[in-house]
Amino acid sequence: MGSHGATSNQDLHGNTEDITFIGGKFFGGGQISGKNHKFIGCTFVGSGNSGIALYAGEPIGGTFQFVNCKFESIVNLNANNYGVIEMNGLGANVTENMWVQISNCYLSAPGSTTYAITLGIAGTSKFISIAINGLVCSGGAFSQLVRRRKDSGSGNFGVQRAVNCDIPGLTGSSYFVTSAGSPTVDKQVVDP
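Trainee: So what's going on with the overall build of the protein? Residues and values would help.
Mentor: When you go through the protein residue by residue, the secondary structure sums to 0 helices and 16 strands. In summary, the protein has a C-alpha radius of gyration of 15 Å against a globular reference of 16 Å for 192 residues, a match within 12%. In terms of overall dimensions, the protein has a C-alpha envelope of 40 × 40 × 30 Å along the principal axes. In the protein, which comprises 192 residues, the proportion classed as buried is 47%. Summed over its atoms, the accessible surface of the protein is roughly 7800 Å², and 45% of this surface lies on carbon and sulfur atoms. Each charge class in the protein was averaged separately, 11 positive and 11 negative side chains, and the resulting centres sit 4 Å apart.

Structure representation (structure tokens):
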């Protein structure tokens, strides 16, 4: 399914809700928007200009679940400080608390890639939470699992949890790193 173009092959609009994707390989990567979507056994390949495998387009909130999925980049993401999963610009469109749940997934990138996942808040009063359980990372020189930042306006992180992850060379204190702004973090749990 899809092509090797620079645009995402899996794309959701901000008014979509409760869609489940089972299987599928998206060569231009994917985009989450709306709320309460689930992806089971999907592969997201960042093969376009930026190399991002999955990014946040227009999420409203709710829960985004990824189960037994693969996130792959074939482009060096460091030039733009992107993560393989890049969820920045989480701003005024986020009108409900938002959960990203990643379970038993695989993530890979070129050897020089340093960030697996990036979360960037840009003006929402809602909490952005992430729960990662059983993520295996390979290929990259990952120095951070989740790179958080507050780009502008209000914004806080809810629960930040990573358990049972296999990321060579990563220490417990590097699983979650705040790189900009001073967002509040409600709760952080790391059990590699």
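From this point, the discussion proceeds with the structure in view.
Trainee: Lay out the pairing of strand E11 (residues 127-133) in plain terms, naming residues and giving numbers.
Mentor: With 5 of its 7 residues buried, E11 lies for the most part within the structure. In terms of strand pairing, E11 meets strand E14 (residues 156-163) through 6 bridges, oriented parallel. Bridging from a neighbouring strand, Asn133 pairs with Val163 of E14.

Trainee: Report on the nonpolar core, specifying residues and quantitative values.
Mentor: When a protein is soluble and globular, its nonpolar side chains tend to lie buried together. Of all hydrophobic cores here, the largest spans 45 residues; its most connected members are Phe44, Phe66, Phe71, Met87, Ile102, Ile132 and Leu145. Within the residue set of this core, elements represented by two or more residues are strand E3 (30-40), strand E5 (54-67), strand E7 (85-90), strand E8 (98-103), strand E10 (115-122), E11, strand E13 (144-152) and E14.

Trainee: Which residues make up the sheet that holds strand E4 (residues 43-46), and what are the values?
Mentor: If you trace the 5 strands from one edge of the open sheet to the other, you get E2-E4-E6-E9-E12, paired in parallel fashion. In this open sheet, the two strands that pair with only one neighbour each are strand E2 (25-26) and strand E12 (136-138). Of the strand pairs in this sheet, strand E9 (residues 106-108) and E12 are connected by 3 bridges, and their pairing is parallel. If you follow Ser108 over to E12, its bridge partner there is Ser138.

Trainee: Can you tell me about the pattern of salt bridges, naming the residues and giving the values?
Mentor: The tally for this structure, following the rule as stated, stands at 3 salt bridges. Here Arg149 makes a salt bridge to Glu86, at a shortest N to O gap of 3.8 Å. Of this pair, Arg149 sits in strand E13 while Glu86 is found in strand E7, placing the two residues 63 residues apart along the sequence. For the residue pair Arg149 and Glu86, the accessibility class agrees, reading buried in each case. Here Arg149 makes a salt bridge to Asp151, at a shortest N to O gap of 2.8 Å. What emerges from the salt-bridge pattern is a single network uniting Glu86, Arg149 and Asp151.

Trainee: Account for the environment of Asn36, naming residues and giving values.
Mentor: The residue Asn36 is located in strand E3 in this model. Judged by its relative accessible area of 30%, Asn36 falls in the partly exposed class. As a C-alpha pair, Asn36 and Gly23 span 13 residues in sequence and 17 Å in three-dimensional space. The residues touching Asn36, leaving out its near neighbours within four places in the chain, are Glu17, Asp18, Ile19, Gly61, Gly62, Thr63 and Phe64. Among the polar contacts made by the side chain of Asn36, one reaches the main-chain amide nitrogen of Thr63 at a distance of 2.9 Å.

Trainee: Requested: an account of unusual backbone geometry, with residues and values cited.
Mentor: Residues other than glycine predominantly adopt negative phi, and peptide bonds predominantly adopt the trans conformation. Positioned with a positive phi, Asn36 is a non-glycine residue whose angle comes to about 60°. The phi dihedral of Asn164 is positive, around 55°, even though this residue is not glycine. The topology assignment puts Asn164 in the loop between E14 and strand E15 (176-180).

Trainee: With reference to specific residues and values, describe the side chain of Thr16.
Mentor: With respect to the element layout, Thr16 can be found in the segment before strand E1 (20-22). Polar side-chain contacts of Thr16 include one of 3.0 Å to the side chain of His37. Sequence-distant contacts of Thr16, defined by excluding residues within four places in its chain, comprise Ser33, Gly34, Lys35 and His37.

Cut-offs used in this document
- Residues numbered from 1 in each chain as written.
- Predicted model: local features only at pLDDT ≥ 70, side-chain atom pairs only at ≥ 80, totals over all residues.
- Heavy atoms only, no water.
- Helix = DSSP H or I, 4+ residues; strand = E, 2+ residues; numbered from the N terminus.
- Rg over C-alpha atoms; globule rule 2.2 N^0.38 Å.
- Buried < 20%, exposed > 50% of the residue type's maximum accessible area, 1.4 Å probe, protein only.
- Areas by Shrake-Rupley, 256 points an atom, 1.4 Å probe, with all protein chains shown as cover.
- Lys, Arg positive; Asp, Glu negative; His and termini not counted.
- Charge placed at Lys NZ, Arg CZ, Asp CG, Glu CD.
- Pairing = 2+ DSSP bridges.
- Core = buried A, V, L, I, M, F, W, Y, C linked by side-chain atoms within 4.5 Å.
- Salt bridge = Lys/Arg side-chain N within 4 Å of Asp/Glu carboxyl O.
- Contact = heavy atoms within 4.5 Å.
- Polar contact = N/O pair within 3.5 Å; in protein donor to acceptor, adjacent residues only side chain to side chain.

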